[in-house]
Each structure stands twice: as structure tokens, then as C-alpha cells.
Amino acid sequence: MITLKSSREIELMDRAGTVVALVHKALKEAIKPGITTLQIDRICEEVIRDNGCTPSFKNLYGFPGAVCTSVNEVLVHGIPDHTILKDGDIITVDVGACYKGYHGDSGWTYAVGEIKPETRKLLEVTEESLYKGLEQAKPGNHIGDIASAIQEYVESFGYSLPIEYTGHGIGRSVHEDPYVPNVGRPGTLELLKPGMCIAVEPMVFMGRPHCVTLADGWGVVNRERSLSAHYEHSIAITQDGYKILTKED
Ligand code: MG
Ligand code: MG
């Protein structure tokens, strides 16, 4: 069931989202060759708790980390561990924070040191596809308009989007209805209305979109183990468009 949020609820989500943005600000400084994904997890949890929030993903469906740390070919749900990041790696850190029962969710892919031009291109295209999707986020449009804009842009570069992993509604739960896929047709799926809060999150493979779950039961890669990237904002649909909740005000 899709719930429309009141302005008071959106204020709480905006606060949660601002804390998520503060975490990403800290990560921009912290992510360097030599850091482990567990150290990254600790930094995230500290910023989340220092700002009066709790980490949304800790124990969610049994996930062991405070955040997801997905390195190189791992698309989503990487578990923080003793992996040491090297120059030329990429890492997606997916951060969720809960403030007074309301969640914010934003994932971002970072370069570790100097990355190859083709890797840089994957990151740029995936980030831009998030904004192509967001351009369609307004009352009267449908979820399928967001999906179609993301798909058209990403596929024009020869990259792919797995259908199994999607964005989602967000609010009192970090994952709510509706699904917000990254593949779809204009004018289909739910009608967007003011007060709807959703996470838009293109997850992109450089190669083909055949997903495999790793032996740890969490990390997701594709069969050919190509690089992958992921950019996400949580937004509220407003009277005339959208407001990004997961950024600093
Ligand atoms: Mg996320
Ligand atoms: Mg999400």
C-alpha cells in the first residue's frame, strides 16, 4: 500500500535525509587507498548516531553492517569486512538513517584514488541517469516515466540495468510500496502524487544484467563480474515536482 506523507512526516524524513548527506560528506574525505570497508562502516555509524539517528540497514533482514559497502563488481549489499581498498577501485556505500521512526536512504559510488577513464565514464553515466529519472518525478507523471528515462539514458551507453533490483517507497519503513524500477515504459505503473516519498536508485552494470548472489548470501554481482555503479536519492513528490531529502539543506 502506498502512503502519502504529511508535511510533518516529510520534515522528519528530511532530517533523516540530511544526516545521510552528512555521512556521504564524511565519506568523500575518508575514502582513500588503504581504508577497509569495516572502517568505512564505523565512520558511517558514528556520524549517524552522533546526529541522533540509527542506521536503517543494521539487522534489516539480518544484514550485519551499519551500511552496505559494495566494491568494484559488487552491485549492492556488500558486507563491510577487512577488505582494504586499493588505488583504482570503486566502492558504493549505501547509507540509511532513521530519525524518530522515519528513514532516509542514499547510495553513492566513489572512486578510490585514480580510476581508469572507462570506470569514470560508468560512474558519470550512472549518476547522470539518476537525475534523468528525477526530471520525471512530478505529480501527473507515472513511476514508469522515471524508469524509462533512466533505462533510455543508461542503455544508450551500452550499459545494463538488472530488473531484480529497484528503487522503492520510503517512510516509516526503509522499503515501502511502490517499487520504483529502473527499466520500464512511460505512462505505466503508479501515478505520482504530492506526499509520495520514494528512493530512486539506478544500479548499473558495465556488462550484462544477469545477477548472481555471492556465497555470503548478500553481495550481488553479474555472471561476467563486470564493474557496477549505483546512485540514489530519497525524494518527496511536491505540488510541482520533487524535493531531494537526502541532501544538506
Ligand atoms: Mg540505499
Ligand atoms: Mg534504497
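Look above for the structure.
Below: a short report on this structure. Keep in mind that this is a model prediction, so the values were computed, not measured.

## A look at the coordination of the magnesium ion (ligand 2)
Right, on to step 1. Distances from the magnesium ion (ligand 2) to its protein donors, Asp-105 (OD), His-168 (NE2), Glu-201 (OE) and Glu-232 (OE), fall within 2.0 to 2.2 Å.
Right, on to step 2. Summarised as a motif, the one-chain spacing of the donors to the magnesium ion (ligand 2) is D-x62-H-x32-E-x30-E.
Right, on to step 3. A separation of 3.1 Å is found between the magnesium ion (ligand 2) and the magnesium ion (ligand 1), which are bridged by Asp-105. You can see His-168 sitting in strand β5 (residues 167–169) and its partner Glu-201 sitting in the loop between β7 (197–200) and β8 (203–205), a full 33 residues away along the chain. As far as the burial class goes, His-168 and Glu-201 line up, both buried.

## Focus on the sheet that holds strand β6 (residues 176–180)
Right, on to step 1. With antiparallel pairing, five strands are arranged side by side in an open sheet as β6-β5-β7-β12-β13. Of all the strands in the sheet, the pair left with one neighbour each is β6 and β13 (242–244). On average, each strand axis in the sheet is tilted by 25° relative to the strand beside it, whichever way the strands run.
Right, on to step 2. The sheet contact formed by β5 and β6 spans three bridges and is antiparallel. Counted as the bridge partner of Gly-169 is Glu-176 from β6.

## Here's the deal with the environment of Ile-10
Right, on to step 1. Position of Ile-10 among the secondary structure elements: in helix α1 (residues 7–30).
Right, on to step 2. By relative accessible area, Ile-10 is classed as buried at 17%.
Right, on to step 3. Between the C-alpha atoms of Ile-10 and Lys-243, which are 233 residues apart in sequence, the distance is 9.9 Å.
Right, on to step 4. Look past the residues within four positions of Ile-10 in its chain and what remains in contact with it is Lys-5, Gly-195, Cys-197, Ala-236 and Leu-245.

## Points about the layout of surface pockets
Right, on to step 1. Roughly 480 Å³ of volume is contained in the largest pocket.
Right, on to step 2. Residue lining of the largest pocket: 24 residues in total, with Tyr-61, His-77, Thr-166, His-168 and His-175 positioned closest to the centre.
Right, on to step 3. Listing elements by their share of the lining of the largest pocket, those giving two or more residues are β5 and β6.
Right, on to step 4. Among the elements that line the lining of the largest pocket, the one with the most residues is β6, at four residues.
Right, on to step 5. Looking at side-chain class alone, the lining of the largest pocket contains 12 nonpolar, six polar and six charged residues.

## Details of the environment of Leu-192
Right, on to step 1. Considering the arrangement of structural elements, one finds Leu-192 in the loop between β6 and β7.
Right, on to step 2. The exposure class of Leu-192 is buried, given its relative accessible area of 2%.
Right, on to step 3. Sequence separation of Leu-192 and Ala-66 is 126 residues, and the distance between their C-alpha atoms is 31 Å.
Right, on to step 4. Residues in contact with Leu-192, not counting those within four places in the same chain, are Gln-136, Ala-137, Lys-138, Pro-139, Gly-140, Asn-141, His-142, Ile-143, Ile-146, Ile-198 and Ile-237.

Procedures and definitions
Residues numbered from 1 in each chain as written. Chains lettered and ligands numbered in written order. Predicted model: local features only at pLDDT ≥ 70, side-chain atom pairs only at ≥ 80, totals over all residues. Heavy atoms only, no water. Donors = N, O, S within 2.8 Å, 3.2 Å for Na, K, Ca; no water. Helix = DSSP H or I, 4+ residues; strand = E, 2+ residues; numbered from the N terminus. Buried < 20%, exposed > 50% of the residue type's maximum accessible area, 1.4 Å probe, protein only. Pairing = 2+ DSSP bridges. Axes fitted to C-alpha atoms, helices over the stretch in contact; angles between N-to-C directions. Contact = heavy atoms within 4.5 Å. 1 Å grid on protein atoms, 1.4 Å probe; cavity = no way out; pocket = protein on both sides within 12 Å on 5 of 7 lines; lining within 4 Å. Points joined across faces, edges and corners; volume = space filled by probe spheres on them. Nonpolar A, V, L, I, M, F, W, Y, C, P; charged D, E, K, R; others polar.

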